[in-house]
Amino acid sequence: MNLEIRAAIEEFLYHEAYLLDHHRYLEWLDLLTDDIVYRMPVRVTRERREGDDVHSVAVYFDETKASLEKRVRRLYVRSAWVEENQPRQRHFVTNVMVRPTDETDEYAALSYFLVLRSRGSNHDLDRIFGQRDDRLRLVNGTWKLARREILVDEASLHAINLSLFF
Amino acid sequence: MGSLKPDHLRTIREAMDRGLLPRWVLTDPDIYALEQEKIFARTWQFLAHESELPRPGDFVTRWMVHDPVIVIRGDDGVVRAFLNSCSHRGTLLCGADFGNQKVFSCPYHGWTFNHYGELVGVALANQVWGPELKREEWGLRPIPRLQAYQGLIFGNLDPAAPPLTDYLGDMRWYLDLIMGRTGGMEVRGVPHRWVVEGNWKLLYENFTGDPYHVQSTHRSTVELGITPNRTLGADRKGYQVVLQNGHGVNVTLYTEIPERPFQRMPEETWPLFRRHLTPVQHDLMQRASVFVGGVFPTLSFVSPLHGTEGDLYNFLNFRVWRPIDPCHVEVWSWFLIDRAAPEGYKQAAYKGYIDSFGPSGTLEQDDTEMWARVMQASQGWMARDRTLQYQNVMNYLMGWGRVDPDPGFPGPGTAYPGLVDAVSRSTHRYWFGLLTDGADGEGDLG
Ligand code: FES
Ligand SMILES: [Fe+2]
């Protein structure tokens, strides 16, 4: 594994988290390829022998670039109350593992995340954690996110809404 | 009842008589305790849709407020529901959300139960047990009443409760309309679940009685054209229909049959509407835009139009407002769609659902912020004072004594035109009646 590539991908993920935490969603959109597949399936609790705990149909997000753009555009509207007053949020991204793929310009990156969000003087924090299975693509010398599968670790979420991105 | 006094209850009634509701009922721990006993232990609560349990052995686990419940389709095809708790020493029996099993074994001491709730296996039965264990007395504890309507399975903890059909009353007509219209609905996926800040009554009334909030809370989605502007214009007319037992429904109709009738359902399903609806229902459904309503106490539904890539799709979203404590609710949100709809339509409608409702939905996101704001401002003494010395009441005066019902509305119930608070006022009355065992005379509250 090329250490320079690993460092560049880590830098990409940290930069992305920085943009998200600073509500710079329009700039975040620029990090995504036009054919991005952005999914967040529902996690469930099952008997182990009955199969996977990632639901195959139920999702929180199943987005294209166009639908993400629409979600982002909404957040900038004055009456998007989830951003008014603006919550404070922090994406902690760790445990990054980078692997080459069959495509020369694409790398797989797995990372863990913990997102905490605070609103006003409220002591009830939103708390969301899990892992992200990403595909990063080098487009004209710039890294872009081409695919993201977000696995959240709770079956019943400890967040009043998912107005933010992961 | 804690420190709750007849005077406090009288204060609630006097406020209701003026179209108001004291704010302290949102946060008061004694009211919450009383609600467990008088409301949640006596009313019909939604557990599951039949399509979640298609095969023998299929089960889902649910909650009736704080009681864990397992709903199982037996190998005889019959759906039963039990307290999801081992009869031996109370262990949570099944930890899975759903699945298919022949028997349910308790990990603690190894007792095993079948689809009928019968105790069929006892660990070391021959070595350590004799006639003192009468197996027939140690089955799972059944939910006393279990009945279904339009595929919706409800449970009731009160063995003496009136039948579900009586409890639903005229709501059945509307459930026939939105659920029976093409021959039946199915659940897609599993419910979304998340915890929001809010008292369950506030959330129930947000869906069931409060179309007024849409213009402000959801202004951003209207501005962006994600949702049709529901502010009533010349082409649409809204009604709020007061039903029995705290139920209600808001119906938005086009004044003329639109180019895409039947809530933009695909054309191949249109003949089914004719087959499954009465002529009156059929006419109403042709002109329908949005339905939003609720079955008291904790079930709400919305049948809207939404989409992510330009076109709008119809779907049915059911939700249970499961109280966690006076100030928190775990929301359970189901996506349902007509079984007869083409798969492509179902997929597009599901995308419309996650884009609008559920924790990631752009409409619901802003609702949750509002509920949290109400709760944040309701914890102090001025809001919680039971004597109302600070005028700490909520306003349900819209249309009060001014707007009369429209006898021309085709459906059952009392239908008011436009935006009114009639359903919330009726819900409060019913809630209060249950809380006080139907007391309405001055002396009865003591
Ligand atoms: S508690 Fe279940 S077997 Fe003992
Ligand atoms: Fe809303």
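For the structure, see preceding data.
Residues numbered from 1 in each chain as written. Chains lettered and ligands numbered in written order. Predicted model: local features only at pLDDT ≥ 70, side-chain atom pairs only at ≥ 80, totals over all residues. Heavy atoms only, no water.

Each partner contributes to the interface: chain A provides 41 residues, whereas chain B provides 46 residues. Between chain A and chain B lies a buried interface of about 3700 Å² when both sides are counted; carbon and sulfur atoms form 50% of it. Of all residues in chain A, Arg-74, Trp-81 and Ile-160 of chain A bury the most surface against chain B, accounting for 19% of the area lost on that side. Along the contact surface separating chain A from chain B lie 3 salt bridges. We note a salt bridge from Glu-369 of chain B to Arg-119 of chain A, for which the minimum N-O separation is 3.0 Å. Linking chain A to chain B there are 29 residue pairs in polar contact (both at pLDDT 80 or more). At the level of elements, strand E2 (54–63) and helix H3 (65–75) of chain A are the ones that each hand at least two residues to the side of chain A that touches chain B. Among the elements that make up the side of chain A that touches chain B, the one with the highest residue count is E2 of chain A (8 residues). In terms of residue class, the side of chain A that touches chain B is made up of 17 nonpolar, 10 polar and 14 charged. (Contact = heavy atoms within 4.5 Å. Buried area = accessible area lost by both parts, 1.4 Å probe. Salt bridge = Lys/Arg side-chain N within 4 Å of Asp/Glu carboxyl O. Polar contact = N/O pair within 3.5 Å; in protein donor to acceptor, adjacent residues only side chain to side chain. Helix = DSSP H or I, 4+ residues; strand = E, 2+ residues; numbered from the N terminus. Nonpolar A, V, L, I, M, F, W, Y, C, P; charged D, E, K, R; others polar.)

Another point: the sheet that holds strand E4 (residues 67–73) of chain B. Residues and elements named next belong to chain B. The sheet built from 4 strands is open, its strands ordered E5-E4-E3-E6 with antiparallel pairing. With one partner strand each, in any of the chains shown, strand E5 (79–83) and strand E6 (98–100) form the two edges of the open sheet. Within the sheet, the average angular offset between the axes of one strand and its neighbour, ignoring direction, is 25°. Bridge analysis of strand E3 (residues 58–64) against E4 gives 6 bridges, and the strand direction is antiparallel. Looking at E4, one finds that Arg-62 is bridged to Val-69. (Pairing = 2+ DSSP bridges. Axes fitted to C-alpha atoms, helices over the stretch in contact; angles between N-to-C directions.)

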